[in-house]
Every structure is written in structure tokens, then in C-alpha cells.
Amino acid sequence: MQPELIVHLAGAGFNFLVVLIIVRLIYYPSGQDKQYVLTFLTFSTVTYFVLGLLTSVDLSIGVGFGLFALFSVLRYRTDTISAREMTYLFVVIALAVMNSVLVTQSEHIRILASNGAVVAVMFVLEREWGFHFEARKRVIYDRVELTRPQRRDELLADLRERTGLAVRHVSVGRIDLVSDTADLTLYYDQREEESVEHGTKRGNQG
């Protein structure tokens, strides 16, 4: 077996291992959603092998990010993919591009350091260490009497019950006394919405 082929296959194995760690140990435990697992693993692996066939570093980088751009355009013709999934897709493709280029240059130390840094950063951000990711949603509310400051606890309890979201706090906007409605902005943990969306998808698939 040719030495170049051995190096190429070893790099492919290392790239797959890193992506597997990101997908299985960082991405999947947060949402328990396997819908994009196949996409992440296969897209990264195929990208690596495609770039391995190219000898020009500039051409490899261009083709790699061109594939990502193509996939981004195609997604608008299919089901909507969230920013979180798009971020993971970008990371696994970028790693495949980077690893393919560095392997051909025998930059083994840089490969280990770069991949380790990416995995560490994603692990920290996904666990929200030192960060608090909060989403917001605007709703039209029909119980104006609960928008009074002294009844804020009742308002939060009613919103949590009716929306299924762990609403942390709420801001009251325009109040229409004629229609007896109010514009509210709900602030809640972003993971709550993702859990609801994943549960809805699994229910529809079932």
C-alpha cells in the first residue's frame, strides 16, 4: 500500500473520529435528535475524501466551502434547518477541509491542536458554561387583567401552562382595551423550544 494512501486513510479516520465525538458526545445529548446525525457524519466524510482527490490547497478550500454553500441553498427547498444545526454542519465541513489540507502538509501537531480546540469550544458553548442562551417569542395575550405588575406571578404561571415553555420573564407592550388583548414578549430557555420542536417532529414521524 502506498504511503500517501495510508496517510490519507489515517487522516480520514481521524477526521471521522473527531466528528463522531462532536456529534455523539456534544450535539446529540443536548437534544436527543438523530435527524441530522447521518447528515453530519456522511457530509464530513465525503467532503474529506473529495478534497483528498485534489492536489491544490486553494482549490480544495474553494471546493469545500462551495459544497457548504450549495447545501445551504438546497435547504431552502426542503425542511427548515435551525441555526444550531447549520452551525454544526458548517463545523464538520470546515474540519474536513482543514484536516484534508493539513494532512497533505504533514502538519500533525496543528491538526491535533486545531481539532482539540474546536471540540473544546463547542463542548463549553453547548453546556452553556458562563453563558445563558435565552430565546424570545411575541404573542397576543387575551387576559389583560393579568398584565398588572402585582399579578406578574399569575401571568407567568398562565403563560407557562398555555405555551408549554419555561417562561422566565415577560415584557408587556401595547395593550388594546377595545379587543381586550395585549402584546407580550416571552423570554425563555432556548432549549425548551428545541425540545418542543423535536417532540413534535417525533410525534409526526410516529
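Coordinates for the structure precede this section.
Given the structure is predicted, the values throughout are model-derived calculations rather than measurements.

**Student:** For this particular structure, what's the right way to read the pairing of strand β3 (residues 181-189)?
**Tutor:** In regular strands, side chains alternate between the two faces of the sheet. The buried count for β3 comes to nine of nine residues, which makes it a mostly enclosed element. For strand β2 (residues 167-176) and β3, the ladder comprises seven bridges, and the chain directions are antiparallel. Considered in β3, the bridge of Val167 is made with Tyr188. Connecting the antiparallel pair β2 and β3 is a turn made up of four residues, with Asp180 showing a positive phi of about 60°.

**Student:** I'm lost on helix α2 (residues 37-52) in this one. Help?
**Tutor:** In an α-helix, one turn spans 3.6 residues; hence positions three or four apart end up facing the same way. When the terminal C-alpha atoms of α2 are compared, their 23 Å separation across 16 residues agrees well with the 22 Å that a helix rising 1.5 Å per residue should span. Along α2, the residues classified as buried are Phe40, Leu41, Ser44, Thr47, Tyr48 and Leu51. Buried positions in α2, seen along its axis, are confined to an arc of 140° and lie on one side of it. Away from its buried face by more than 90 degrees, α2 exposes Leu38 and Val46.

**Student:** When you look at helix α4 (residues 83-104) in this model, what are you seeing that I'm missing?
**Tutor:** A rise of 1.5 Å per residue sets the reference length of α4, with its 22 residues, at 32 Å; its end C-alpha atoms lie 32 Å apart and thus fit the reference within 8%. For α4, a buried count of 16 out of 22 residues is recorded, marking the element as mostly surrounded by other parts of the structure. At the C-terminal side of α4, Ser106 shows a positive phi close to 55°.

**Student:** Please explain the packing of α4 against helix α5 (residues 108-126) as it appears in this structure.
**Tutor:** Each pair of packed helices can be described by the angle between their axes along with the distance between the axes. Relative orientation of the contacting elements α4 and α5 amounts to 170°, with a least axis distance of 10 Å. For the element pair α4 / α5, the angle class is roughly antiparallel. Of the residues in α5, those touching α4 at Arg84, Tyr88, Val91, Leu95, Met98, Asn99, Leu102 and Val103 are Arg110, Ile111, Ser114, Asn115, Val118, Met122 and Glu126. When the residues that make up the contact of α4 with α5 are grouped by side-chain class, the tally is nine nonpolar, three polar and three charged.

**Student:** Just checking my understanding: could you explain the pattern of salt bridges for this structure?
**Tutor:** It is possible for side chains bearing opposite charge to pair when their charged atoms get close. A complete count under the given rule lists seven salt bridges for this structure. Between Asp142 and Arg162 there is a salt bridge, and its shortest N-O distance comes to 3.1 Å. In this pair, Asp142 sits in the loop between β1 (134-141) and α6 (152-163) while Arg162 sits in helix α6, placing the two residues 20 residues apart along the sequence. Between Arg174 and Asp176 there is a salt bridge; the shortest N-O distance is 3.9 Å. Take Arg174: its relative accessible area is 57%, and that puts it in the exposed class. One connected set of salt bridges, linked through shared partners, spans Asp142, Arg143, Glu145, Asp158 and Arg162.

How each quantity is defined
- Residues numbered from 1 in each chain as written.
- Predicted model: local features only at pLDDT ≥ 70, side-chain atom pairs only at ≥ 80, totals over all residues.
- Heavy atoms only, no water.
- Buried < 20%, exposed > 50% of the residue type's maximum accessible area, 1.4 Å probe, protein only.
- Helix = DSSP H or I, 4+ residues; strand = E, 2+ residues; numbered from the N terminus.
- Pairing = 2+ DSSP bridges.
- Expected span 1.5 Å × (residues − 1).
- Arc of directions from axis to C-beta.
- Axes fitted to C-alpha atoms, helices over the stretch in contact; angles between N-to-C directions.
- Parallel < 35°, antiparallel > 145°, perpendicular 65-115°, else oblique.
- Contact = heavy atoms within 4.5 Å.
- Nonpolar A, V, L, I, M, F, W, Y, C, P; charged D, E, K, R; others polar.
- Salt bridge = Lys/Arg side-chain N within 4 Å of Asp/Glu carboxyl O.

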